[in-house]
Every structure is written in structure tokens, then in C-alpha cells.
Amino acid sequence: MSTAPSTLIHYRSHLSSLSDTEVEQFKQANYADIVCQLDSYYGQVKRQLLNYQSPTTGLFPHTSTETDVAHVRDSVYCAVAIWSLCQAYKRIDDDRGKTYELGQSVVKCMRGILFCWMRQAKDKVEFFKTNQCPQHALHSKFHLQTGLPCVSESDYGHLQIDCVSLYVLYLVQMIHSGLQIIYTMDEVTFVQNLVYYIERAYRTPDFGMWERGSKYNNGTPEIHASSIGMAKSALEAINGFNIFGDRGASWSVIYVDIDAHNRNRSIFESLLPRESYSKNTDASLLPTISFPCFATHDEVLYSRTKEKLIRKLQGNYGFKRFLRDGFGTVIEDPSRRFYNSGETKDFDNIECEWPIFFIFMVLDGLFKGNDEQVKKYLHLLQPRIKRDEYGGHPMLTMVTTDPVVAKYFWVAWESVAGERLEPQSQTRLPSKEGDPSSNLYLMGQALYLVAQLLVDGLLHVSELDPIRRHLPSYNRPRKTGRYSAFQVSLSFFS
């Protein structure tokens, strides 16, 4: 991936030295080059993402070899990548139908998730309003083809407030960009119920982004700053928003309890830079304080949290999820769902490293305008990116190849002792999830594609974030609708 700033500087300096006729010819050639680049990414999206979208539910699996289970979080990120390319195609005059095709694929995914959850409205959401416990949580996994529940609450931690919040946030972003996702008043009512579902995040222990709850992996949910922060962002985004878009009326506007929002904000900011009672810090805070949620615009809190993340979790291959995380390590027993008491100390210094967080750091640098950070993490990421053969499709015979992101890198058994003695001294191996030959990690592919579009200058941050979450509330464009919304005042930050 090339850096967009240097490309733009070269473009402008080149134009200044040309005649009017030459300028027009150069612009036409540049336009053709942009179309060619977008078409290349279109092919990548078709091969690496859309190829695995369920034709019946519109959902996506966790990996390309998974045929039965769809994950809501992974599906949302896949939809975001496809939507990003859809936004990029809006720049050109003749997209040959690609903008509409990509947009409808996004709509299909978002409505697929909505339908899965609406089936649980009576049995889950209504009970959750009065008792916020794991037994009444909306599911985070569904059957890929039928959309029906596939894992029970006793076998998996479905209570993931961050997952529902991420969906609500992108529902607003995508509708604001012009997509029509919500069709009927039944669906409007259910979205309002999703708001009720996430409003009490500040006092709802959940299993978090990593689906395990406590650091000790003993089946105990806990209060997570990342879940509260994502809920806060979603509530701010959807309050006063007309879910029918420009065509809606007063009855299709979603409202938020201002007191619930204030409690989420105050508790979130009092928890930072910590993640939870058991986790000193956690990589899940990165997408919370930066892209896609931008949950805090307090520069001191943002900087302290980010600095702690980098200092505690960054390695040569990516970021650890949190300290003493046993997931994916060679000494973890996959036959047991929970750890024994005191077992987490065995994972010290050999935690797996996830390159996806290098991508989040690239995205953070792009939104913050920090070119040095972008270059640094692109440099760290590049050796971890593999290439698949023939574009990842057995029917293709062209020589171009697609980038492939590993899910994580792990320490081999023979290297465990050396890594414990001297951290970052051993060579790590890529996980089977993210294998270029057979098994793509779809969330990683989705985020890498978004970063590529931004770095190559094919997408602007305001197109990826049309509601301007990356700006403090007092710098965002005022809503033009007739309905109320709250905003944090400038005096709050003084």
C-alpha cells in the first residue's frame, strides 16, 4: 500500500507544470487509473468476502472454511468493508452497476442480522429489559444458512454489548450514507428496543469482544470499558436519528435516555485506561477509542489509553489481546472450555499476537492525520501479510495475487521456553485461520481492505465516517432534521 499524502503532493506538483490541454489529458488518465484501482479492489472483495456471504441470510462466517456458523461481529465488519468500496465507487461517473450491487450486499447483511435478532425479540429482548443476564442476551452466533440459533447460552457467552452497539452504530452510518436498510414500523420499533438493550451497558457485566468475560476464563462476565464505550458511541449516533433516512417522519425517529447516556459516559471515562476488573488493558479498547467508535475525544484519556496499549501489548507480529491470554497458544487445552484456577500464569510472555491491531493503528493514524504512525505500522504489518495464489480462486489463471491477513501468530512448542526467558526473541508461526491457500480470516481481510482504500486515496475518512464520529461533537455538522438530539458542549472539555 502506498501513502496517500505523497501521492497527492506528486499529483498537484505535476499539474502545476502542465498546459491546460495536458492537464485535462492527465486528469482523464488519472481517472482511468482510479477506475482500474477500484475494479481491482472490487475483484478482491468478490473473491475474499462476497464469495462467502450466505445467499439466504446475508451473514458471513468467521473463516472461509466455516459452513454452518455465522458471527454477527465478523458480519458487520465484512459489511463495513463492502460499504467502504461502495462509497469509493460513488466518486466515479460510470460504475457499471457496482455501487448498487455492493450497496445491496451490505443491506442484505444488515437486514439478515436484524431478522435473526427480531426472532428473539419476545424470548430475549423483553426479558433482558428487566433482567440483564446472559440467559436473556441476544445471540452473537447464528446458523449461516437458516439464521436460527446454533449455540446455547450454556455453551457460549452470547452477552456481548459491544457487538450489538457496533451494529447500531453502523446502521446509522450506512443509512446516513443513503442506504435504505429499515423498511417497516415493526423494524423501527425493534431498533428502538436495541437502544433499550444497550442503554444499561454501564451496569451490565458481559463477555466482551473476546467472548470469554473475565481474564481468567472461568465463565464469569464482567464490566468492560470497551463494551460501555461502544454503547456510548452507538447511543450518541442514533439519538434523534431518523431510521427511515430522508423519507422518514417523526414516528421513525429513535430516542435515547439522556441519563443512561451520561452514566455510560462517566463510567467509561472513569474506567479508562483500564479495561475491566481483571484486565489492566485490552486491545479491544483500540477500536473503542479510535476507529470505528471514537468513544472519547478527551485527548488526555485517549493518549493515556493508547500509550498503555502500545507499551503493554505491542509485539513484533501484532498486539496481544490482553496479558496472560491463553487463546491459540500451544499449551492451551482446547478440550476444556474454561481454565483451572491459576492457569493463566502459564501463558505469561507467550500470548498470541494479532496483526489486525496493526491495521487498527494504521486506521487510527489516518483519522488523526498522523502520517508517521501510518508509515510505522504499515512497515510493521507488511512482513506479516501473505499472498494467495492466482488471486485466491482456483478458476483464475492471472498472475495477480491478493493479500491475506493471519488471525494471529503463535509460539511453537520448542520455542516456548526461550520466549518466556526473553520475550520477542522467537520466531512465531501464523495461525491456520488466515492461511493463504485455504482458510481466510474474514474480519482481518475486511479491515485490511478498508485501510488499503484509505491509504491509496480512493476513500476519504469522511466517506467512511459520514456522521463524523471522529470529530468532537461541537465540530460535527449540525443535524438538519426537525427532531432533537443531544450533544456534548464545548465547556465539557475545558
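Residues numbered from 1 in each chain as written. Predicted model: local features only at pLDDT ≥ 70, side-chain atom pairs only at ≥ 80, totals over all residues. Heavy atoms only, no water.

What to know about the overall build of the chain
The secondary structure content of the chain amounts to 16 helices and eight strands. Relative to its 494 residues, the chain shows a buried fraction of 57%. Contacts in the chain between residues far apart in sequence, at least 24 positions, make up 72% of those at least 6 positions apart. Working note: accessible area of the chain is about 20,600 Å², and carbon and sulfur atoms make up 52% of it. (Helix = DSSP H or I, 4+ residues; strand = E, 2+ residues; numbered from the N terminus. Buried < 20%, exposed > 50% of the residue type's maximum accessible area, 1.4 Å probe, protein only. Contact = heavy atoms within 4.5 Å. Areas by Shrake-Rupley, 256 points an atom, 1.4 Å probe, with all protein chains shown as cover.)

Regarding the confidence of the model for the chain
Scored by pLDDT, the chain has a mean of 89; 88% of the residues are at 70 or more. Note that residues 2–18 has pLDDT below 50 and, in this model, 18 contacts with residues that lie over four places away or in other chains. Across residues 489–494, where pLDDT falls below 50, the model places seven contacts with residues more than four positions away in sequence or in other chains. (pLDDT = per-residue confidence, 0-100.)

Some remarks on helix 12 (residues 356–368)
Between its terminal C-alpha atoms helix 12 stretches 19 Å, which fits the 18 Å expected from 13 residues at 1.5 Å a residue. In terms of residue burial, helix 12 counts as a mostly covered element, since 11 of its 13 residues are buried. Looking only at helix 12, the buried set comprises Ile356, Phe357, Phe358, Ile359, Phe360, Met361, Val362, Leu363, Asp364, Gly365 and Phe367. (Expected span 1.5 Å × (residues − 1).)

Section: helix 6 (residues 161–176)
Spanning 16 residues, helix 6 covers 23 Å between terminal C-alpha atoms, matching the ideal 22 Å at 1.5 Å per step. Positive backbone phi, at 115 degrees, marks Gly178, one or two positions downstream of helix 6.

Remarks on unusual backbone geometry
Going from Leu272 to Pro273, the amide bond is cis rather than trans, its omega being 5 degrees. Turning to its location among the elements, Pro273 is positioned in the loop between helix 9 (258–271) and helix 10 (286–289). In this structure, the amide linkage connecting Phe291 to the following residue, Pro292, adopts the cis form with an omega of 10 degrees. With respect to the helices and strands, Pro292 occurs in the loop between helix 10 and helix 11 (299–313). Its identity as a non-glycine residue notwithstanding, Gln424 has a phi of 70 degrees, on the positive side. Along the chain, Gln424 falls in the loop between helix 14 (416–421) and strand 8 (428–430). The backbone phi angle of Arg468 is positive, close to 60 degrees, even though this residue is not glycine.

Considering the packing of aromatic side chains
Across all of its chains, the model carries 18 aromatic pairs by this definition. Ring centres of Tyr42 and Tyr89 lie 6.4 Å apart, and the angle between their planes is 90 degrees; this geometry places the pair in the edge-to-face category. Linking Tyr42 in helix 2 (residues 20–48) with Tyr89 in helix 3 (residues 72–89), this pair joins segments that are 47 residues apart in sequence. With respect to burial, Tyr42 and Tyr89 carry one shared label: buried. With centroids separated by 6.4 Å and ring planes inclined at 55 degrees, the aromatic side chains of Phe319 and Phe357 adopt a geometry described as tilted. You can see Phe319 sitting in the loop between helix 11 and helix 12 and its partner Phe357 sitting in helix 12, a full 38 residues away along the chain. Just as Phe319 is buried, Phe357 falls in that class too. In textbook terms, an aromatic cluster arises when at least three aromatic residues are bridged by ring pairs, as seen for Tyr77, Trp210, Phe319, Phe327, Trp354, Phe357, Phe358, Phe360, Tyr377 and Tyr408. The positively charged end of Lys279 is found above the aromatic ring belonging to Phe322, 4.8 Å away from the centroid. (Phe/Tyr/Trp six-rings, centres within 6.5 Å; stacked < 30°, edge-to-face > 60°. Lys NZ or Arg CZ within 6 Å of the ring centre and 35° of its normal.)

Quick look at the environment of Phe241
By the secondary structure assignment, Phe241 is in strand 3 (residues 241–242). Accessibility expressed as a relative area gives 10% for Phe241, which makes it buried. Separated by 13 residues in the primary sequence, Phe241 and Ile254 place their C-alpha atoms 5.7 Å from one another.

A closer look at the pattern of salt bridges
Enumeration over the complete set of coordinates arrives at 26 salt bridges. A salt bridge links Asp39 to Arg96; the nearest nitrogen and oxygen atoms lie 2.5 Å apart. You can see Asp39 sitting in helix 2 and its partner Arg96 sitting in the loop between helix 3 and helix 4 (98–118), a full 57 residues away along the chain. Exposure remark for Asp39: the relative accessible area of 23% places this residue in the partly exposed category. Of the charged contacts, one joins Arg73 and Asp162 as a salt bridge, the two residues approaching to 2.9 Å between their closest N and O atoms. With Arg73 in helix 3 and Asp162 in helix 6, the pair connects residues that are 89 residues apart, well separated along the chain. The pair Arg73 / Asp162 is uniform in exposure class, with both members buried. Salt bridges sharing partners connect three or more residues here, namely Asp39, Arg96 and Lys98. (Salt bridge = Lys/Arg side-chain N within 4 Å of Asp/Glu carboxyl O.)

A word on the packing of helix 6 against helix 8 (residues 225–238)
Remark: helix 6 packs on helix 8, axes separated minimally by 8 Å, with the N-to-C direction vectors making an angle of 25 degrees. As far as their axial angle goes, helix 8 and helix 6 are roughly parallel. As for the relative orientation of helix 6 and helix 8, their crossing is left-handed in sense. Contacts between helix 6 and helix 8 pair Ile161, Asp162, Ser165, Val168, Leu169 and Val172 from the former with Ser227, Met230, Ala231, Ser233, Ala234, Ala237 and Ile238 from the latter. For the contact of helix 6 with helix 8, the residue count by class is nine nonpolar, three polar and one charged. (Axes fitted to C-alpha atoms, helices over the stretch in contact; angles between N-to-C directions. Parallel < 35°, antiparallel > 145°, perpendicular 65-115°, else oblique. Left-handed = near helix turned anticlockwise from the far one by under 90°. Nonpolar A, V, L, I, M, F, W, Y, C, P; charged D, E, K, R; others polar.)

Looking at the nonpolar core
Judged by nonpolar contacts, the single largest core of 131 residues is most densely connected at Trp117, Met174, Ile238 and Ile243. When residues in this core are grouped by element, the largest group, 13 residues, is from helix 3. Those residues in contact with Trp117 that sit more than four places away from it in its chain are Val72, Leu138, His139, Phe142, Cys163, Val164, Tyr167, Phe190 and Leu194. (Core = buried A, V, L, I, M, F, W, Y, C linked by side-chain atoms within 4.5 Å.)

Focus: the packing of helix 11 against helix 12
Relative orientation and spacing of two packed helices are given, respectively, by the angle between their axes and the distance between those axes. At a minimum axis separation of 14 Å, helix 11 and helix 12 run at an interaxial angle of 155 degrees. Classified by the interaxial angle, the pair formed by helix 11 and helix 12 is roughly antiparallel. The interaxial crossing formed by helix 11 with helix 12 has left-handed handedness. Contact residues: Glu299, Tyr302, Lys306 and Ile310 in helix 11; Met361, Asp364 and Lys368 in helix 12. Per-class residue counts for the contact of helix 11 with helix 12 are three nonpolar, no polar and four charged.

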